[in-house]
Amino acid sequence: CLPAPASTASSTSRPSSSSSSSRTSSTPSSSRASSSSRLTSSSTSSRASSSSSSSRPSSTSTSTSGTSSSSSSTTSVPTGRVGKLPALGWNSWNAYRGDINEAKVLAAADQFISLGLKDVGYQYVNIDDCWSNITGRDTSNRIKPDLNKFPNGIASVASKVHAKGLLFGIYGDAGTATCAGFPGSLGYEAIDAATFSSWGVDYLKYDNCNVPSNWTDNWVRVFLLSLLLLLLHSPPLGRPGLPYDDHPPQYYEDWGQSNSAKRYRQMGTALAAQSNPIQFAICNWGNAQVWTWGATVGQSWRMSGDSSASWGYITQIISSNVNYLNYVNFYAHNDMDMMEI
């Protein structure tokens, strides 16, 4: 619904359904389109340095940090303060990619109102990757906005979005860097969650790029176990008594114990500790059987790689998603990625 201007894309290494990618993935992925707007049931953004809280519309009801995978908590339950229904909003990536700034975000917010989207429930105005300062963090290890793009900081943008009766979202990554190479949040979950909260962020889309090897899941071992079980005609691990079918055997009997779940749980726990509810969108591209543990960590979880502006993608992701509807409930949503208009 929102017109998409031509954009200058920054380089990213997002998952692709047509070619192999550097991401550790157990599901096919699709690359991002460069020049269309997205209406989304998930996405994100942030606020600048220290600022006072601004009034914002109420949302539908909502740490542990570290770089060692062995010490992560495996129990965390979302607060139930936000995310009762799937989020409706707009994400900046398809329209602008890395060429994002305050004026473009506020223009999108204005179009929510002028096009009548706000009236039918669209709330979230979300910034995707490339909003932060690529040089790193400040002396207090706080993530910094790019002041060339957001000269008044992120808090100022969030405040202006809230003043329009809308909500504001931001983007982060559960690795050492985002997909476009900006600072990631792995090991900084508590401080980043507190920073986002102080900026007035209402939504966090949390991606899955640049994950250190000690934090990845052993997909090679899963593949080898699958072959072995096929040869032995044994039931898959973690599924005793069931015949082998088209699903690979599980390396973890409980994928909620996987390194993927631990990484996302660290941020989910940090967000749940904040005074204002922040909706947590898990963007791990449908890996690690996220539908089995996503509701214990956040409010939504991606079921695939990135969407494409094609009818084929829409039919494929809907056909896939219907197999997992038993995992959907209030505050717990399969995310088919952003709808391209």
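Keep in mind it's a predicted model, so treat the numbers as computed, not measured.

(A) Fine view of the packing of helix α2 (residues 102-114) against helix α3 (residues 153-163). Close contact between α2 and α3 brings their axes to 10 Å; oriented N to C, the two are set at 15°. In this view, α2 runs roughly parallel relative to α3, as classed from their interaxial angle. Here α2 and α3 pass one another in a crossing that is right-handed. Counted together, Glu-102, Val-105 and Leu-106 of α2 and Ser-156, Val-157, Lys-160 and Val-161 of α3 form the full contact between these two elements.

(B) Examining the state of the cysteines more closely. Throughout the structure, instances matching the rule amount to one disulfide. Put simply, Cys-179 and Cys-209 are joined by a disulfide, and their sulfur atoms are 2.1 Å apart. When the S-S torsion is 90°, as for the bridge of Cys-179 with Cys-209, the disulfide is right-handed. Taken together, the residues span a long stretch of sequence, with Cys-179 in the loop between β6 (167-173) and α4 (189-199) and Cys-209 in the loop between β7 (203-207) and α5 (219-232) at a distance of 30 residues. You'll find Cys-179 and Cys-209 in the same group, each marked buried. The thiol sulfur of Cys-283 is not disulfide-bonded, and the nearest other cysteine sulfur, from Cys-179, lies at 7.3 Å. Using a relative accessible area of 1% as the deciding quantity, one classes Cys-283 as buried.

Cut-offs used in this document
- Residues numbered from 1 in each chain as written.
- Predicted model: local features only at pLDDT ≥ 70, side-chain atom pairs only at ≥ 80, totals over all residues.
- Heavy atoms only, no water.
- Axes fitted to C-alpha atoms, helices over the stretch in contact; angles between N-to-C directions.
- Helix = DSSP H or I, 4+ residues; strand = E, 2+ residues; numbered from the N terminus.
- Parallel < 35°, antiparallel > 145°, perpendicular 65-115°, else oblique.
- Left-handed = near helix turned anticlockwise from the far one by under 90°.
- Contact = heavy atoms within 4.5 Å.
- Disulfide = S-S within 2.5 Å.
- Buried < 20%, exposed > 50% of the residue type's maximum accessible area, 1.4 Å probe, protein only.

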